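# Examination of the molecular architecture
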Amino acid sequence: MVAEAEPLQAARLWSSKRTLARTVEGGGTISAGESLPGIGATPERPRVVSVSRRTDVPAFYSRWFMNRVRAGFCEWVNPFGGRLQRVSLRPQDVAAFVFWTRNPSALFPYLRDLERRGFSFYFHFTINAYPPALEPSNPPPRLSIERFRALSDRVGPERVFWRFDPILVGEAGGVEMDFEYHCRRFEKLAKALSGYTRRCYVSFVSLYRKTRYNLEKVSSRLGKGSAGPAGLPVEERRRLAGELAAIGAGFGMTLYSCCDDALVGAGTAPAQGGVQKARCVDPDVIRRLRPDVPFVLRPRPTRDQ
């Protein structure tokens, strides 16, 4: 079957030469728009499909995604060699979908249909509430909070994870984003999301060359430093993460560190054990969603930890 125009547009977005996700033994992860191997999934070895860390599929391609679900597969063009490849989207071949989004509202009409078809899923929902200079195209925080709550009401707080990342330190749009700024902003958002999620994932921005270049276009005080993520030494990152963990614990949330093991254990929230190590495609979560599916996930982080 030849994909219609909209999926081809999405495929072009997804065919950049970023690091490709890898498949994993005994099930594993495949990513719609990241690394979609051949149709190797079987009912005995279903796979987790990440939808998608390359582009916001729920926000911009929900209709296309559901068309591909109904067709039972999607196709992508491998950027290395141009080979057309296919991945099964049949319910028996998918252990779970992991959605990544800043605006899932376009997917709301399809959630019940996905469940009727036998799919399990959970969401990573990013809300940063940075100044417009940094996030000019994002929904306003008030609207993002409303949508987060609406999603949680539909699927439950155990299936919606808040992402407060990446954390940047510096100045943008006349706003000084220092330790106190992040704590105030985090507390305000955590209070608004309390009861609607149990988890918050954080990371500090990784200053890749392209990231540094784009940040410095916004402000000469962003993208500076080379001591680690966000240009901050580990002691400062741990201090901020520990404070966020304590704030989050007060609102019923556990803080998870994404791709920065130096933060694990930081904080003064003994009931939660401080900052926890994140597994964004989390086998424990998937086992709770799909206790009927035997599979093993080996860690395959997309960044150094």
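As a reminder, the structure under discussion sits directly above these lines.
Now for a look at the structure at hand. (Residues numbered from 1 in each chain as written. Predicted model: local features only at pLDDT ≥ 70, side-chain atom pairs only at ≥ 80, totals over all residues. Heavy atoms only, no water.)

What follows deals with the pattern of salt bridges. This model, assessed by the stated rule, comprises 16 salt bridges. When the shortest N-O distance is used, the salt bridge between Asp113 and Arg117 registers 3.0 Å. Its relative accessible area of 32% is what places Arg117 among the partly exposed residues. We note a salt bridge from Arg279 to Asp282, for which the minimum N-O separation is 3.7 Å. A network of salt bridges, in which partner residues are shared, links Arg199, Arg279, Asp282, Asp284 and Arg287. (Salt bridge = Lys/Arg side-chain N within 4 Å of Asp/Glu carboxyl O. Buried < 20%, exposed > 50% of the residue type's maximum accessible area, 1.4 Å probe, protein only.)

So, about the packing of helix α6 (residues 179–193) against helix α8 (residues 234–250). For the pair α6 and α8, interaxial distance at closest approach is 10 Å and the crossing angle is 20°. Viewed along their axes, α6 and α8 adopt a mutual orientation that is roughly parallel. The crossing of α6 and α8 is right-handed. On α8, the residues that touch Phe179, His182, Cys183, Phe186 and Glu187 of α6 are Arg239, Leu240, Glu243, Leu244, Ile247 and Gly248. (Axes fitted to C-alpha atoms, helices over the stretch in contact; angles between N-to-C directions. Helix = DSSP H or I, 4+ residues; strand = E, 2+ residues; numbered from the N terminus. Parallel < 35°, antiparallel > 145°, perpendicular 65-115°, else oblique. Left-handed = near helix turned anticlockwise from the far one by under 90°. Contact = heavy atoms within 4.5 Å.)

Quick look at helix α5 (residues 141–155) now. Under the 1.5 Å per step criterion, the end-to-end length of α5 is 21 Å for 15 residues, consistent within 8% with the ideal 21 Å. Turning to α5, its buried residues are Ser144, Ile145, Arg147, Phe148, Leu151, Ser152 and Val155. Taken around the axis of α5, the buried residues stretch over an arc of 165°, which confines them to a single face. Facing away from the buried side of α5 by over 90 degrees, the exposed positions are Arg142 and Asp153. Its buried side turned inward, α5 meets α4 (111–116), β6 (121–126), β7 (160–167) and α6. Phi for Gly156, located one or two positions after α5, is positive at around 100°. (Expected span 1.5 Å × (residues − 1). Arc of directions from axis to C-beta.)

Our next topic: the nonpolar core. The biggest cluster of nonpolar side chains holds 60 residues, and the ones touching the most others in it are Phe65, Phe97, Phe99, Leu114, Trp162, Phe164 and Phe186. Per-element accounting of this core gives the leading share, 7 residues, to α6. If we skip the residues at most four places from it in the chain, Phe164 touches Ile127, Asn128, His182, Arg185, Phe186, Leu189, Cys200, Tyr201, Val202, Ser203 and Leu244. (Core = buried A, V, L, I, M, F, W, Y, C linked by side-chain atoms within 4.5 Å.)

In this model α8 runs 24 Å from its N-terminal to its C-terminal C-alpha over 17 residues, within 8% of the 24 Å that 1.5 Å per residue would give. Among the residues of α8, Arg237, Leu240, Ala241, Gly242, Leu244, Ala245, Ile247 and Gly248 are the ones counted as buried. Structurally, α8 contributes buried residues whose contacts are with β7, α6, β10 (199–204) and β11 (254–257). Of the residues flanking the end of α8, it is Gly252, one or two places downstream, whose phi is positive at about 80°.

Keep in mind these values describe shape, not function.
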